Structure formats: structure tokens, C-alpha cells
Amino acid sequence: MARFLNSTPPSGLERVTRRRLFLACLALSGLIYFLRGRRAGIKSTLSQAEAGGNLREMGQEEESAYFLNETSWRAPVVWGDSDASERRREEQSYRTFKTGLVAFVVGRYSQHLLRFLVSAERHFLLGESVVYYILTDNLRAVPDLELPEGRVLRPVHVGEMPEWRRLSRVRMSILAEVIRDRIQREVEYVFCMDVDQEFVNPVGTEILGDLVATLHPEFCGMPLYTFPYEKAEVSQALVEEGEGDFYYTSELYGGLCAEVYAMAVTCSHLILQDAEAGFHALHYEESYVNRYLINRRPTCVLSPEYSWWDSPRTLEVPVQRVVSVGRQCAALEPQKRADRRC
Ligand code: UDP
């Protein structure tokens, strides 16, 4: 520094060192400017994503930065390890409530039940009161599990539904009926899940809300026009161009009994109307659930951490909490299915 203050011209070696120093500073400030610009880009793309903007066009690196915390209508988007989820769990810890977990187990799906229940006992709302409602055509397929205090297994006989297409037509009306006649008297919250899923990490009270839906891991962060909403004009599940916010999975949804009941009743009416017209939506209940959730937006949106499976199209998540064994198997090439015990 003293050198700069006195006017003696620098030697040749000093000039080279100073030039190098200057170039290094220039490169460093360029790098900082570039990185700040990218961060701003990611931030603005996050708000675009709320309006159905495309995140995946940004490339793999930015895609992993997808961490939307709130929807445009101010519903939380739940990531289990976030500070907001920590706060939600803390708030819920002062309340006492019961939660029902409903799963249909008809025909060969009984093979998934034990894994589903055992994994739920390891990870689902630990320390809380939970009633498992297993809606089944075969009561003997329900294992006799010894559960801790406050956790109960309630098999409910729903009659025989030999064929999947038929089951998909009546599942929502059966769900509405069981909530009305039984579940709403016994618990405050009810969640519905496909039984061919496994809990692999904690799912706590951060998931509670009036009406809860889960982002589909293959369409999270994708543009609106790619969502597989029902497009047939004849269908009651039709979603017109430009409508919609997110694409939700039917693997997990829930909320207060009254809200889930209202959704199940509405969807079952839409399914019935379509059936009368000889039509059934492409993605079964998922199409009707998505139609419903456009009109009545969820108050709590679970990130794909809560419904994840390994496929080239799924978004990477910080923590996988619920894995859909069924959808993962469907996404695998035939030779890999045996390795994963599909
Ligand atoms: N299901 C069932 N028996 C059947 C078909 C379906 O019990 O024959 C129930 C089961 O809980 C299953 C859910 O319905 O997890 C959804 O079915 P599937 O996994 O075939 O649908 P996807 O996940 O492909 O929508």
C-alpha cells in the first residue's frame, strides 16, 4: 500500500503481480454477479411456478432448488424439514385430536396391507391417536396387529368389488358413506391413501389442514399445459384450457371429516353422471379430485415428499416420506420389476 502512496514507478515483476491481482479481482466480482443473478432467476421462477410456470426448463441444477413454500392463495406447501413445518408441529402439540387413515384393500391388494400398516406405525403421526379404517372385501386379510395405546385398527367390510374399473367407480361413494356413518363421529381428521404405499420417513402433524392435497411428483414444477387433466368435453371432470393451479395425486389426500366428505360426495356424483353417459375419466378418481380442487382449492398442499416414486419424471425431493410401491413398479422396465419385488 505504501508503494501506491509514493510515486516511485513499480518494477517489472511488481507490475505483473499487480495485473494478476487485478484480473483475479475482476474474475471474482464477475462470479459473484453471475451467482446473484442466478439466485434472483430462481426466485422469480418460483413465483412463476405458482402460476403454473415451467421450472424444469431451467435444467437439473436449478430444479433441485424447487422449494415453493406457499401457493398464490396462501396455502402452505409442506416440506417436512422446513422451519414452517417445525412451527406447525409445535402449534399442533398443544391440541388433542384423532385422525383416521383410510385405505381400500380389495382383492389382491391385501398383499400390501401388512407393509403399509407396519410402516405407518413407524412413521405416521407418531404419538397421536390414529384409527386405521381398512375398507375391505375380506376381513380375514386384515392382520391382527398389537398397536400401542391410542392407535386402533378398524376393518370395515365393503362388499366384493371384483373388478378394478368398477371399484374406481364406487370408491368415492363408499368413502363418503363410511365418513358419514362412522368416521366423522370418531375422528376430527381423515386421510385417504392407496394401500400400495410405504411410509419411509416421518409424517407428522405438519400435514394437518382443513382440506389437504398432495402434489403429484411427476408434474410438480411442470407447466400447466402438461398436466393430465381430463380433456374430454363429455366428462364432468373436464378441465378447460388455462384452468388449474397444480396437478394433485390421488395417492394421498385428507383434511377435516366434513371437507373430505364434501369432496367424496361431489366426486361420486360427477363419477355417477359420467357413468350414466357411458364415460369414465382417464385417470379415474384422480381426474375428479383434480376437477374438485380447482373449484375448492386445498388449504394445505403437501409437497411430493409425501407421495413419491422413482421414475425418470419425478422431481427430486429433500426427503422421501411416502413411496408409492404401485406407481414405482408401473414406472419400471419389466426386467427391473422382479428386482424390486413388484
Ligand atoms: N384397490 C384395491 N383393489 C383393487 C384395486 C385398487 O384395493 O383391485 C385400492 C388400493 O388401495 C390401491 C388403490 O385402490 O392402492 C388404487 O389402486 P391402484 O394402485 O391400482 O391405482 P393407481 O395407484 O394406479 O391410481
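What you see is a predicted model, and the numbers here were worked out from it, not measured in a lab.

Engineer: Account for the packing of aromatic side chains, naming residues and giving values.
Structural biologist: Aromatic rings in a pair are described by how distant their centres are and how their planes are angled relative to each other. Per the stated rule, a full pass over the model turns up 10 aromatic pairs. On the numbers, 5.8 Å between centres and 85° between planes, the contact of Phe97 with Tyr189 is edge-to-face. You can see Phe97 sitting in the loop between α4 (83–92) and β2 (98–105) and its partner Tyr189 sitting in strand β5 (residues 189–193), a full 92 residues away along the chain. Ring centres 6.0 Å apart and planes at 45° place the aromatic pair Phe116 and Phe199 in the tilted group. Of this pair, Phe116 sits in helix α5 (residues 113–123) while Phe199 is found in strand β6 (residues 197–199), placing the two residues 83 residues apart along the sequence. By relative accessible area, Phe116 is classed as buried at 1%.

Engineer: Could you give an account of the pattern of salt bridges, with specific residues and numbers?
Structural biologist: Following the criterion strictly, the structure yields 17 salt bridges and no others. Of the charged contacts in the structure, one is a salt bridge between Glu206 and Arg89, with a shortest N-O distance of 2.9 Å. A residue pair is termed long-range when its members are at least 10 positions apart, and Glu206 in the loop between β6 and β7 (211–215) and Arg89 in helix α4 qualify at 117 residues. The residue Asp181 makes a salt bridge to Arg180 at a minimum N-O spacing of 2.9 Å. Note on Asp181: relative accessible area 37%, which makes it partly exposed. Accessibility expressed as a relative area gives 41% for Arg180, which makes it partly exposed. Several salt bridges converge on common partners, so that one network encompasses Asp81, Glu305 and Arg321.

Engineer: Summarise the UniProt feature "binding site: Mn(2+)" (unreviewed entry) in the protein chain; cite the residues concerned and give the values.
Structural biologist: UniProt annotation of "binding site: Mn(2+)" (unreviewed entry) refers to Asp194 and Asp196 when read in the numbering used here. Discounting residues that sit within four places of it in the chain, Asp194 has contacts with Phe116, Arg171, Ser250 and Glu251.

Engineer: Can you explain unusual backbone geometry? Please cite residues and give values.
Structural biologist: Despite not being glycine, Arg74 has its phi angle at roughly 70°, a positive value. Relative to the helices and strands, Arg74 resides in the loop between α3 (60–63) and β1 (77–78). In this model, Leu125 sits at a positive phi of 45°, which is unusual for a non-glycine residue. Using a relative accessible area of 1% as the deciding quantity, one classes Leu125 as buried.

Engineer: Describe in detail the pairing of β5, supporting the description with residues and values.
Structural biologist: A regular strand places its side chains so that they alternate between the two faces of the sheet. Of all 5 residues making up β5, 5 are buried, and the element is well covered by its neighbours. Of the two faces of β5, the one lined by Tyr189, Phe191 and Met193 and the one lined by Val190 and Cys192 are each fully buried. Relative to strand β8 (residues 248–256), β5 runs antiparallel, the two sharing 5 bridges. Residue pairing across strands places Tyr189 opposite Leu256, the latter belonging to β8.

Engineer: Pulling in residues and values, what's your account of the environment of Ala84?
Structural biologist: Structurally, the position occupied by Ala84 is in helix α4. With 122 residues separating them along the chain, Ala84 and Glu206 place their C-alpha atoms 8.5 Å apart.

What counts, and at which threshold
Residues numbered from 1 in each chain as written. Predicted model: local features only at pLDDT ≥ 70, side-chain atom pairs only at ≥ 80, totals over all residues. Heavy atoms only, no water. Phe/Tyr/Trp six-rings, centres within 6.5 Å; stacked < 30°, edge-to-face > 60°. Helix = DSSP H or I, 4+ residues; strand = E, 2+ residues; numbered from the N terminus. Buried < 20%, exposed > 50% of the residue type's maximum accessible area, 1.4 Å probe, protein only. Salt bridge = Lys/Arg side-chain N within 4 Å of Asp/Glu carboxyl O. UniProt positions renumbered as here; feature names shortened; annotations may be inferred. Contact = heavy atoms within 4.5 Å. Pairing = 2+ DSSP bridges.

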